[in-house]
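# Topology and contacts: notes
Residues per chain are reported as follows:
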Amino acid sequence: MNRSTTMLTVASVAIGGILAYAVYFDHKRRTDVNFRKQLRKEKKRVKQSQTPSESGQTATGGVDANDLRSALESVRNEEVPPGPEEKEQYFMKQVGMGEQLCAQGPVFHLPAAMCFYRALRVYPSPVELIVIYEKTVPPPVFQLVMELTNLDVKDRVEGYYTFFPPKAMNVAVETVNVPDGKGGTMSKKVLVVTKDFEAGEVIYQEDPIVAVLDADLQGKGTHCSYCLRQIQDDPLHPESDRLRSVYCSSDCQTQHKAHSQTLLFTLESPLPASMAPEMGGTLREERENAQKAFVEYLIETKKAAPELVARFVARQVSAETAKMLPRGIVPGLASEPVLTDGGEYSLYDHLERLRYLEVNPADNETRVLKDVLQTALPGLEQFLTEERHATFVGKMSYNSYGVYFGEGREDKPETAARPEDAEKHIGTGFYAVSSYISHNCAPSAKPVFPTGTAQLQLMATHALQKGDEISVAYVDVSQHSEETLEVARRRRRMELVRGWRFACSCKRCAEEGLEGDVPPPVQVSSITPAGIQLADGLILPSACIFLDGKVFLWNVPSHLWDGWGREHLSVFETVVPKPEILVFGTGRRMELPPPSIRGYLKEMGIQLDIMDTRNACSTYNLLAEEGRRVAAALLPYTPRPWRS
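Since this is a predicted model, take the numbers as computed values, not measurements. As a convention, each chain's residues are numbered from 1 in the sequence order in which they are written. Per-residue local features of the predicted model are confined to residues with pLDDT of at least 70, and side-chain atom pairs are confined, for both listing and counting, to 80 or more; whole-chain, interface and lining totals are unaffected and use all residues. Think of the side-chain values as coming from all heavy atoms in the structure, minus any hydrogens and water.

Within this scheme, the nonpolar core is defined by two criteria: the residues are buried Ala, Val, Leu, Ile, Met, Phe, Trp, Tyr or Cys, and they are joined through side-chain atoms within 4.5 Å. To sort residues, take the accessible area from a 1.4 Å probe on protein chains only and compare it with the maximum for the residue type: under 20% means buried, over 50% means exposed, and anything in between is partly exposed. One finds Leu191, Ile203, Tyr204, Leu263, Leu458 and Ile470 to be the most contacted residues of the largest nonpolar core, which totals 85 residues. Ranked by residues supplied to this core, first place goes to helix H13 (residues 304-324) with 10 residues. Runs of E in the DSSP output that reach at least two residues are strands. Runs of H or I that reach at least four are helices, and both are numbered from the N terminus.

This part covers the side chain of serine 435. Here serine 435 lies in the loop between strand S6 (427-430) and strand S7 (438-439). Classification of serine 435 by relative accessible area gives buried; the value is 1%. The term polar contact refers here to a pair of N or O atoms within 3.5 Å; inside protein, the definition further demands a hydrogen-donor-capable atom paired with an acceptor-capable atom, and it admits residues adjacent in sequence only when both atoms are side-chain atoms. A polar contact is formed between the side chain of serine 435 and the backbone oxygen of tyrosine 431, at a distance of 2.5 Å. Contacts are assigned to residue pairs that have any heavy atoms within 4.5 Å of one another. The contacts of serine 435, once residues within four sequence positions are left out, are Leu354, Arg355, Asn399, Tyr401 and Phe430.

This part takes up the side chain of lysine 87. Turning to its location among the elements, lysine 87 is positioned in helix H6 (residues 84-102). Of the buried charged residues, lysine 87 lacks a salt bridge, with glutamate 86 as the closest side chain of opposite charge at 7.4 Å. In terms of polar contacts, lysine 87 uses its side chain to reach the backbone carbonyl oxygen of proline 81, at 3.0 Å. For this count, His and the chain ends are skipped, Lys and Arg are scored as positive, and Asp and Glu as negative. Salt bridges are defined as contacts in which a side-chain nitrogen from Lys or Arg sits within 4 Å of a carboxyl oxygen from Asp or Glu.

What follows deals with the pairing of strand S17 (residues 607-611). With respect to burial, S17 is a largely interior element, 4 of its 5 residues being buried. Pairing between two strands is assigned when DSSP locates at least 2 bridges connecting them. Pairing geometry for strand S16 (residues 581-585) and S17, over 5 bridges, is parallel. If you follow valine 583 over to S17, its bridge partner there is aspartate 609. A crossover counts as right-handed when, viewed with the strands pointing away from the observer, the path leading from the first strand over the helix to the second turns clockwise. Handedness of the S16-helix H20 (residues 595-603)-S17 crossover: right-handed.

Let us now look at the pattern of salt bridges. On inspection of all chains with the given rule, the structure shows 22 salt bridges. We note a salt bridge from arginine 367 to aspartate 371, for which the minimum N-O separation is 3.7 Å. Of the two residues, arginine 367 and aspartate 371 both sit in helix H15 (residues 365-376), 4 residues apart, roughly one turn of that helix. Residues joined by salt bridges that share partners form a network here, namely Arg69, Glu73, Arg76, Asp152 and Asp155.

Turning to the packing of helix H12 (residues 281-301) against H15, a few remarks are in order. Here, axes are lines fitted to C-alpha atoms. For helices the fit covers the stretch in contact, and angles between N-to-C directions go from 0 to 180 degrees. One can describe the packing of H12 onto H15 by two numbers: an axis separation of 8 Å at closest approach and a directional angle of 150°. Between H12 and H15, the angle falls in the class roughly antiparallel. In this structure, the crossing between H12 and H15 has a hand that is left-handed. Across the interface between the two elements, Glu286, Arg287, Ala290, Gln291, Phe294 and Tyr297 of H12 pack against Glu365, Val368, Leu369, Asp371, Val372, Thr375 and Ala376 of H15. The residue inventory of the contact of H12 with H15, partitioned by class, reads 7 nonpolar, 2 polar and 4 charged. The scheme is simple: roughly parallel for angles under 35 degrees, roughly antiparallel for over 145, roughly perpendicular for 65 to 115, oblique for anything else. Should the near helix be turned counterclockwise from the far one by less than a right angle, the crossing is left-handed, whereas a clockwise turn marks it as right-handed. Put simply, Ala, Val, Leu, Ile, Met, Phe, Trp, Tyr, Cys and Pro go in the nonpolar bin, Asp, Glu, Lys and Arg in the charged bin, and everything else, Gly too, in the polar bin.

Attention now moves to unusual backbone geometry. With an omega of -10°, the peptide bond running from phenylalanine 164 to proline 165 counts as cis. Among the secondary structure elements, proline 165 is positioned in the loop between helix H10 (160-163) and strand S1 (171-179). Valine 576 connects to proline 577 through a cis peptide bond whose omega is -5°. Considering the arrangement of structural elements, one finds proline 577 in the loop between helix H19 (571-574) and S16. Its identity is not glycine, yet leucine 228 carries a phi of approximately 70°, on the positive side. Phi is positive for aspartate 548, close to 55°, though the residue is something other than glycine. Mapping aspartate 548 onto the fold places it in the loop between strand S14 (544-547) and strand S15 (550-553).

So, on to the environment of aspartate 536. Tracing the chain through its elements places aspartate 536 in the loop between strand S12 (531-534) and strand S13 (539-540). The exposure class assigned to aspartate 536 is exposed, which follows from its relative accessible area of 63%. A C-alpha to C-alpha distance of 8.8 Å links aspartate 536 and valine 524, two positions 12 residues apart in sequence.

Ordered by their spatial adjacency, 5 strands build an open sheet running S15-S14-S18-S16-S17, and the pairing between neighbours is mixed. What marks the edges here is a single partner per strand, and that holds for S15 and S17. If you compare each strand with its neighbour and ignore which way they point, the axes differ by 20° on average. Strands S14, S16, S17 and strand S18 (630-634) of the sheet are contacted by helix H21 (residues 613-625), whose axis makes an angle of about 160° with S18.

So, about the packing of aromatic side chains. What describes a pair of aromatic rings is the distance from one ring centre to the other and the angle between the planes of the rings. For Phe, Tyr and Trp, where Trp contributes only its six-membered ring, two rings pair if their centres lie within 6.5 Å, and the inter-plane angle classes them as stacked under 30 degrees, edge-to-face over 60, or tilted in between. What the rule picks out here adds up to 23 aromatic pairs. Taking 4.8 Å as the distance between ring centres and 80° as the angle between the ring planes, the aromatic pair formed by tyrosine 160 and tyrosine 161 counts as edge-to-face. Using a relative accessible area of 24% as the deciding quantity, one classes tyrosine 161 as partly exposed. Each ring, one from tyrosine 401 and one from tyrosine 431, has its centre 6.1 Å from the other, and the planes form 85°; the classification is edge-to-face. Placement of the pair is tyrosine 401 in strand S5 (residues 401-403) and tyrosine 431 in the loop between S6 and S7, with a sequence separation of 30 residues. Neither residue differs from the other here; tyrosine 401 and tyrosine 431 are each classed as buried. Within the aromatic cluster, the residues linked to one another by ring pairs are Tyr160, Tyr161, Phe163, Phe164, Tyr345 and Tyr436. A ring is considered to have a charge above it if a Lys NZ or an Arg CZ atom is located within 6 Å of its centre and within 35 degrees of its normal. Taking the ring centre of tyrosine 160 as reference, the NZ or CZ of arginine 353 above it sits at 3.9 Å.

Next up, the structure:
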């Protein structure tokens, strides 16, 4: 077995859960002299217990696969100590027993491995402990520990959909093959009903894992910051709250504080007093400044995804803290949503399997959130790498639902952001089960919020039989009074491309499609770090123009808009007929052009549409498919010299 591969596998799974217990454990290692001495003593005892012959062994001792499986099941069925003190004692006891069993020879290798594996289950930094094991535990025993770990990981990954979603929700996740847009197929997870439903029946109801109020409503006192309910009476105002939150009840305030508010927007410790690290005046000031900077960013961007991600991370801390504490130690701490019928899965396990958009958060977005986490619980910021943060934002952006009551609000500010931000919702929620529902322009269900809160109810819009796929409309799929059928179809498909980056291939779109729709000879497949990839697999590493069904290499300055002039777009003066629209992809992020560029194209009667290159690729393909006279000017992620 390749140990490096095994460790990476474990790391990728273990890093997912943020254990608040790690804060306690790390605090003990830093401050408790006896604890540190005992931990070092156990490491030395394990190392000294190795005999020369054991140190040179590489085989697993011929342990039967069935015995290994039985050992894993036995450990799984054992109760894990609930509190940090109990976990500490349990950890030390199991390491000590493993050391003693190692000294008794190969016959006891499997029982020894079981002890070390039990210790691994409660250690807050599994990867760190694996490194210690690799250096101190006899190789045959270490190999068995890793095989137990790999077997457990394999079962968790492959068995997830056995437990999720709960059968009481009347739905299941299935894998189907769908067109990949390149002439082949790809597998996709979809949600299906497990019983028959009539139109108008509620299939299930689901509470959000996290929900946020629209930025323009936050602090106005009109809606509860936790459940999003419209407040009729005087709202509750917390004494200290950086986000100016208000609540419809003391219960909502308590729940919000326990889940995320305390960690993100107050100066209180998110951990119980017995575990909370001390916070002096300087640290308190740093935490306050970090929260102020984060709130300013949320107000400036007016986007839901950054706050959803922050609250999701905070709720992970809350969830793991609740698991390790005795019942009742944190008054009012809400139980976590029941997302599985058994199995040991964290909130991260649910998130990591979902679809997501590849996005690039603003340069300072990751930093301001990491500052909030670091000043609340030092060390917590290490979890939020730039890559993981971007993935979290992409998952929230793709899978969240707008929360609206009745016909929705009429006073929502206009926005040029993603299409769903222009809808009539008052807030946004992230729902674990509903995230698996696909889009269809003739949906079989729709989300409703009849309780006046963020609790989602999924209602069938027409009769469904057991095994039918559930679909909803991600955008407004109605035909407005001023729209022709063609215009309505184009609008909703454009919104899907801009918001979710796919061209809808549903039956309705196909039936309403223009006669003789033929994709252009050259289409864009994707944008990669290597360059712009065409549908036939060819990668163009430098800038290019798609015009009249052909692609041309494009000689432009390496720095965007620096040194650009009319001569760089003069090709559009010679082409007949000129394109109606020029889709301009400016690289990883959208960068607005100088007025001279926009004015030059306007003189030629060409509408300029600026976006990042990934969105530009999808938009160009869709407009070309619709039969529009469209051109695309695409810049790669990394500027490269023009090549003839």
